[in-house]
Structures are given as structure tokens and as C-alpha cells.
Amino acid sequence: MSEKMSKTETGNTMLEVRDIKRDYELSGGLFKPKKIIHAVKGVSFKLERGKTLAIVGESGCGKSTLARMITFIDEPTAGDLLIDGKKVDTRPGHLTHEMRQKVQIVFQNPYGSLNPRQKIGDVLGEPLAINTDMPAEERRHRANEMLKKVGLGPEHYNRYPHMFSGGQRQRIAIARALMMNPKLLVLDEPVSALDLSVQAQVLNLLADLQDEFNLTYVFISHDLSVVRYIADEVMVMYFGEAVEYGTRDEVFSNPKHDYTQTLFAATPRADVETIRARVARKKAATAA
Amino acid sequence: MALLQIDNLTVEFETATGWFRAVDGVSMSVEKGEVLAIVGESGSGKSVAMLAVMGLLPWTAKITADRMLFEGRDIQGISPTDRRELIGKDIAMIFQEPIASLNPCFTVGFQIEEVLRIHLGLDKKARRERAIELFRQVGLPNPEERLGSFPHQMSGGQCQRVMIAIAIACNPKLLIADEPTTALDVTIQKQILDLIMALQAKNGMGLIMITHDMGVVAETADRVVVQYKGRKMEEADVLSLFENPKSNYTKALLAALPENATGDRLTTVSAFFDGNPEPAPEAHA
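Residues numbered from 1 in each chain as written. Chains lettered and ligands numbered in written order. Predicted model: local features only at pLDDT ≥ 70, side-chain atom pairs only at ≥ 80, totals over all residues.

Draft legend 1. Quick peek at the overall build of chain A. Secondary structure summary: chain A contains 11 helices and 10 strands in total. Considering only C-alpha atoms, chain A reaches an extent of 75 × 55 × 50 Å along its principal axes. Considering only contacts in chain A between residues 6 or more positions apart, those separated by 24 or more positions represent 65%. (Helix = DSSP H or I, 4+ residues; strand = E, 2+ residues; numbered from the N terminus. Contact = placed C-beta atoms within 7 Å.)

Have a look at this one:
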């Protein structure tokens with residue numbers, strides 16, 4: 001009964017971040033004092049189950065540091081992290097297996113994030129082998145199931161990463177992240193290394209998987225057209241601070257902060273009207 | 001006379017399974033002062049075709065073409081000495097990875113002055129003055145101090161500005177930009193594209209913009225060549241390409257843009273080909 005109570009109390013919030021901070025210390029030289037870099041300066045947000053939060057910003061704005069803290073790779077300097085309504089003890093050695101299972105990450109570069117000497121079957125089976133005492137036969141079965149889920153087949157089980165294209169590798173990285181049945185998936189620029197046509201396939205796959213497993217996504221990207229397509233909520237980061245945070249429609253229809261407006265203005269437009277205007281401008285300039 | 005004219009260019013590489021055709025019978029031309037965009041996915045041969053023009057492919061590559069003319073001059077059978085005089089002076093190229101394409105062992109000042117010394121034969125004082133002027137032109141702050149910087153001391157956007165300064169140092173007639181902004185942030189991309197386009201308009205260069213980003217095409221090109229698997233799918237001026245694409249492949253590419261999504265799903269290129277004929281190369285006129 002009490003468990004039920006707490007469930008309703010936390011409501012439908014999957015991830016909550018309260019005033020989280022991360023500082024990095026640069027060691028000084030003989031005559032140089034130590035320098036502290038404030039990578040993330042107090043960010044807060046709440047994310048509902050089954051929703052997608054997109055984090056946008058330029059390189060060095062702290063968006064990947066934030067992702068590393070949510071996935072427990074980096075320890076926050078200050079602030080609280082609540083997953084599934086439970087406060088996470090992020091000190092090294094204090095993390096529970098259960099927490100680690102709930103949160104998984106997919107990295108940007110599918111060429112760098114897979115071990116070139118490991119077969120795909122072993123890539124997918126490894127999380128199970130480490131975290132559970134599942135027999136090998138069962139692990140193999142689960143890996144094959146997951147391959148099918150992400151649009152690959154059992155024939156890929158014994159192949160090595162170099163035998164796959166970039167889009168297929170990103171599917172494998174997603175499959176590996178899903179092996180532990182996570183609730184929250186952090187996607188660090190998952191499609192920015194992919195071609196347009198492959199990007200569309202991977203985005204469709206992510207949407208399908210979200211529906212099937214009721215996954216919550218934290219989607220990090222610098223591509224606003226992708227963000228507009230996939231996100232429910234959008235957060236814009238600039239120099240370690242969240243300068244804009246709201247639902248997708250709020251942010252896109254009425255950007256408040258200067259940086260967000262700059263970002264929107266800088267994004268190339270591919271609609272016919274803009275091209276027509278540009279071609280006309282150029283014609284006028286050459287005629288003059 | 002076209003600035004650069006290529007007829008029926010084919011580039012092949014020998015692999016374990018036989019000759020692989022990276023570029024298959026591609027023809028294109030660029031006029032003086034024109035911006036041509038070559039768009040395609042990775043592996044479509046868009047960079048390889050331009051590397052063949054620059055003579056930067058390894059000797060193992062087999063390059064054949066009916067014609068390859070720069071200002072009416074044959075650049076296919078050109079001697080290495082003549083090519084060295086042409087490349088970097090009349091034809092210049094900007095590459096994708098700005099930090100990787102500068103030499104990490106030398107200051108950026110040395111690297112830009114090298115171009116001025118070899119191609120223009122300027123003396124030390126004139127070289128320094130011209131280098132400062134070029135750095136100012138590409139919008140690098142404190143150009144005098146910047147000359148003494150090494151590439152690792154600068155950001156990606158700054159390195160790309162240095163690359164552009166080196167490329168335009170000798171007022172080239174043709175500039176080839178191979179994905180010049182792919183490695184950069186959106187806001188920096190905008191600055192670099194604006195810079196390239198301003199320089200192009202000012203100097204009246206021919207510009208070939210190689211890219212996979214339809215947004216970049218829309219913002220820069222006069223004319224567009226769409227490549228797929230080494231073959232030319234379509235060539236059109238930029239407005240008709242976006243307004244009324246002829247080739248199936250171009251239609252599929254435009255449909256895959258997230259901003260053109262209808263409903264919850266994106267149209268993928270392969271889904272587009274279901275029920276449609278496989279993309280066929282443009283018929284030769």
C-alpha cells in the first residue's frame with residue numbers, strides 16, 4: 001500500500017535534476033594557479049516517463065557533461081539527481097546495480113564506441129554476462145531477439161563491427177544499450193555522424209522503440225531540424241547554463257533568449273521561399 | 001569558355017574483389033563567378049571527383065576522362081611541375097577537418113607565408129603584410145599575434161578561417177570547398193558560409209561546394225549536381241531542384257529531411273524506392 005502511495009506521489013516523473021553542477025579543475029603549473037572550469041552551472045529540469053527532452057547547444061556548452069552526470073560516468077560537484085522518484089547516491093561505489101540498469105547511453109560516434117575485436121553477438125551479450133547470471137544459451141537468444149528489434153538479423157550475430165555501415169553500427173549501439181531493459185536512454189548526438197537517408201531510418205527506429213518499451217529519452221543534438229522533429233521538450237544550453245527550457249512549441253515559436261534566437265537564425269533553411277528570396281537578392285546584386 | 005569543364009570522368013580503385021568504380025561517368029562544368037554545389041551521401045564519389053581534379057588521388061587510382069579542362073587548358077595529362085604551379089594558385093581547396101589539414105609542427109603564419117613565397121615570390125616584409133591582411137579579411141582577431149600561433153592553440157572555427165585565408169592567398173580563380181562546415185557548430189557554420197560567400201562575390205571566383213547538407217545547398221548554390229553511388233542523378237539550378245526535383249533520388253533526399261516530415265514518421269530513402277524505380281542516372285545529352 002505504502003509503495004503504491006509513493007508511486008502516485010512521484011507521479012509520472014522519470015528523471016528529475018535539481019540545480020546540478022559540475023566543476024573541472026585544471027592543475028596549474030609551477031607559477032600558474034589552479035583554474036576551475038564550471039562546465040555545468042546549476043541546471044534543473046523534470047522529465048516525464050515516455051517523453052523526449054532535447055538538449056541543444058554548441059560544443060563546449062556542457063551538454064555532454066550533463067549527459068555524463070545523468071549516466072553516472074561523472075560525479076556531480078553539487079545538486080541532486082532523482083531517477084524514478086529515487087534520489088541517486090552518485091558517490092563512487094554507492095551506485096546500485098538497479099540504477100545502472102535503468103540508465104543507458106548511446107554515443108555519437110558508432111565507429112569509436114564498438115570494440116573492433118569483439119563480435120556483435122558478444123557486444124550485445126556482454127552487459128548480460130556482467131550484470132546477470134543468465135546462462136549463455138539464454139544470452140544468445142536475447143541478443144538475437146534484440147538484433148531483430150533494431151532491424152538487423154541473426155546472420156549478423158557472428159560479424160565484427162568493421163563489417164557494418166555507420167547506420168548499422170548505430171543500431172548495434174542502440175541494441176546494446178537496450179539489452180538491460182533500461183527506462184531512461186541518453187542519446188549523445190546519435191545521428192550527427194550519419195547521412196541524411198540513414199539518419200531518417202535511425203530516428204524512425206528510436207521512435208518505434210520508445211513506443212514499444214515506453215522509454216524516456218534525453219536527446220543531445222546540435223541539429224535543430226532533428227530536435228524539432230523528435231523532442232517533446234527542449235532545453236538550450238549556453239556556457240553551462242540552461243538559457244531556455246520549455247515545450248517544443250514554446251521554444252520554437254517564441255524563443256526568448258538572445259542565444260536561442262542566434263541559433264535559429266544560423267540554422268540553414270531548405271524551403272523554397274527562402275531560396276527564391278536568396279536567388280532574387282543575388283540577381284539584384286549582380287545587375288546593380 | 002567554362003572555368004572548369006569535366007566530361008565523362010571515371011575514377012576506379014583496385015580492391016581485393018576487383019576494380020571499384022568510385023566515380024562513374026560524371027560530367028560537370030563551372031563558370032566564372034558561379035557557385036556549384038555537389039551533394040550526395042558518403043560514398044557517392046563527390047569528394048573523389050574533385051580530388052581527381054586537384055591531382056590529389058594516390059597513384060593506384062585509375063582516372064579516365066574524355067576531357068578535363070581548366071580555362072581551356074588540359075589538366076589531365078599535365079606534368080607534376082606544371083600542376084604544382086596551378087594548384088594552390090589558380091585552383092585552391094578547403095578541406096573538411098580544419099585542424100587536421102594544418103601542419104601541427106609549424107605556426108599558421110609560416111604556413112600561409114609558404115604559399116605566398118612559393119606562388120607569388122614575395123619578400124619577407126611583403127609576405128608578412130599580406131598574411132596580416134588576409135587574416136583580417138577572414139575575420140581573425142589580432143592578426144599580428146595570430147601569425148605566431150600553432151593550430152592546436154586555436155579553435156576549429158579559427159583554424160577553418162586560417163585554411164580559407166591560405167586558400168584565397170593567391171586570389172584563386174576556382175575554390176573547391178569540401179564540406180567546409182561539417183565539423184563546426186551551427187552558429188560558426190553560418191559565419192564561415194557567410195565569409196566564403198562574401199569572398200566569392202567580391203573576387204568573382206568560381207566555387208564548388210561539396211556537401212551532404214541540403215540546408216547548406218539551399219543557402220549557397222546557384223546550380224546543384226546530385227550524386228549517388230558515383231553517378232550523377234540530376235543537375236539543376238537550385239530553385240528548380242527544391243521546387244520540382246526530377247530524379248527519384250533527389251525526391252527521396254528531400255523527403256528524408258526532418259523538417260519535411262509528415263506525421264510521425266520520416267520517409268527513408270529505401271522506403272521511397274519501394275514501388276518506385278531504382279534511381280537512374282541522368283541521361284547524357
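Moving on, there is more to tell.
Draft legend 2. Inspection of the overall build of chain B at higher detail. Each helix and strand in chain B was counted, giving 12 helices and 11 strands. For chain B, whose C-alpha radius of gyration is 20 Å, the value lies close to the compact-globule estimate of 19 Å for 285 residues. In terms of principal-axis extent, the alpha carbons of chain B reach across some 65 × 45 × 40 Å. The buried share of chain B, taken over its 285 residues, is 45%. The contacts in chain B between residues at least 6 apart in sequence include a share of 66% that link residues at least 24 apart. (Rg over C-alpha atoms; globule rule 2.2 N^0.38 Å. Buried ≥ 20, exposed ≤ 12 C-beta atoms within 10 Å, placed from the backbone.)

Draft legend 3. Molecular detail of the interface of chain B and chain A. With 31 residues of chain B at the contact, the number on the chain A side is 28 residues. Breaking the side of chain B that touches chain A down by element, the ones donating at least two residues are α8 (186–203), α9 (214–220), α10 (238–243) and α11 (248–255) of chain B. Looking at the side of chain B that touches chain A residue by residue, the classes come out as 15 nonpolar, 7 polar and 9 charged. (Nonpolar A, V, L, I, M, F, W, Y, C, P; charged D, E, K, R; others polar.)

Draft legend 4. Main features of the packing of helix α10 (residues 258–266) of chain A against α8(B). Running from N to C, α10(A) and α8(B) cross one another at 50 degrees; their axes reach a closest spacing of 8 Å. Comparing their axes, α8(B) and α10(A) come out oblique. In this structure, α10(A) meets α8(B) at a crossing whose hand is left-handed. In contact with A:Thr262, A:Leu263 and A:Ala266 of α10(A), α8(B) contributes B:Val186, B:Thr187, B:Gln189 and B:Lys190. In terms of residue class, the contact of α10(A) with α8(B) is built from 3 nonpolar, 3 polar and 1 charged. (Axes fitted to C-alpha atoms, helices over the stretch in contact; angles between N-to-C directions. Parallel < 35°, antiparallel > 145°, perpendicular 65-115°, else oblique. Left-handed = near helix turned anticlockwise from the far one by under 90°.)

Draft legend 5. The environment of A:Glu16, seen in detail. Residues and elements named next belong to chain A. As for its position among the elements, Glu-16 is in strand β1 (residues 13–26). On a C-alpha basis, the gap between Glu-16 and Leu-47 in space is 6.3 Å, while along the polypeptide they are 31 residues apart. With sequence-adjacent residues up to four places away left out, Glu-16 is seen in contact with Lys-46 and Leu-82.

Draft legend 6. Seen up close, the nonpolar core. Counting residues in hydrophobic clusters, the biggest one holds 152 residues, and the most contacted among them are A:Val218, B:Ala165 and B:Ile208. It is helix α7 (residues 156–167) of chain B that provides the largest number of residues to this core, a total of 7 residues. The contacts of A:Val218, once residues within four sequence positions are left out, are A:Leu53, A:Ile55, A:Ala67, A:Ile70, A:Val186 and A:Leu187. (Core = buried A, V, L, I, M, F, W, Y, C linked by C-beta atoms within 7 Å.)

Draft legend 7. Structural context of the confidence of the model for chain B. Residues and elements named next belong to chain B. When pLDDT is averaged along chain B, the result is 88; 93% of the residues meet or exceed 70. In the model of chain B, helix α12 (residues 269–273) stands out as the element of lowest mean pLDDT, 65, in contrast to strand β3 (residues 35–39), which has the highest, 95. Two numbers describe this predicted complex: its pTM, 0.82, and its ipTM, 0.74. (pLDDT = per-residue confidence, 0-100.)

Draft legend 8. Helix α1 (residues 46–54) of chain B, seen in detail. In terms of burial, α1(B) is a largely internal element, 8 of the 9 residues being buried. Among the residues making up α1(B), those that are buried are B:Lys46, B:Ser47, B:Val48, B:Ala49, B:Met50, B:Leu51, B:Ala52 and B:Val53.

Draft legend 9. Highlighting the sheet that holds strand β4 (residues 78–83) of chain A. Residue and element names in this part refer to chain A. Strand order in the open sheet formed by 4 strands is β2-β1-β4-β5, with antiparallel pairing between adjacent strands. Here the strands that pair on one side only, and so sit at the sheet edges, are β2 (35–48) and β5 (86–87). Relative to β2, β1 is paired through 11 bridges, and the arrangement is antiparallel. Pairing of Glu-16 across the sheet is with Lys-46, part of β2. Sitting on the sheet, helix α2 (residues 63–70) is in contact with β1, β2 and β4, with an inclination near 65 degrees to β2. (Pairing = 2+ DSSP bridges.)

Draft legend 10. Fine view of helix α6 (residues 166–178) of chain A. Residue and element names in this part refer to chain A. Here α6 contains 13 residues, and its C-alpha end-to-end distance of 19 Å stays within 8% of the 18 Å for a straight helix at 1.5 Å per residue. Among the 13 residues that make up α6, 12 are buried, leaving the element largely enclosed by the rest of the structure. Restricting attention to buried positions, one finds in α6 the residues Gly-167, Gln-168, Arg-169, Gln-170, Arg-171, Ile-172, Ala-173, Ile-174, Ala-175, Arg-176, Ala-177 and Leu-178. Elements that come into contact with the buried residues of α6 comprise β6 (103–106), α4 (120–131), α5 (136–149), β7 (184–188) and α7 (196–213). (Expected span 1.5 Å × (residues − 1).)

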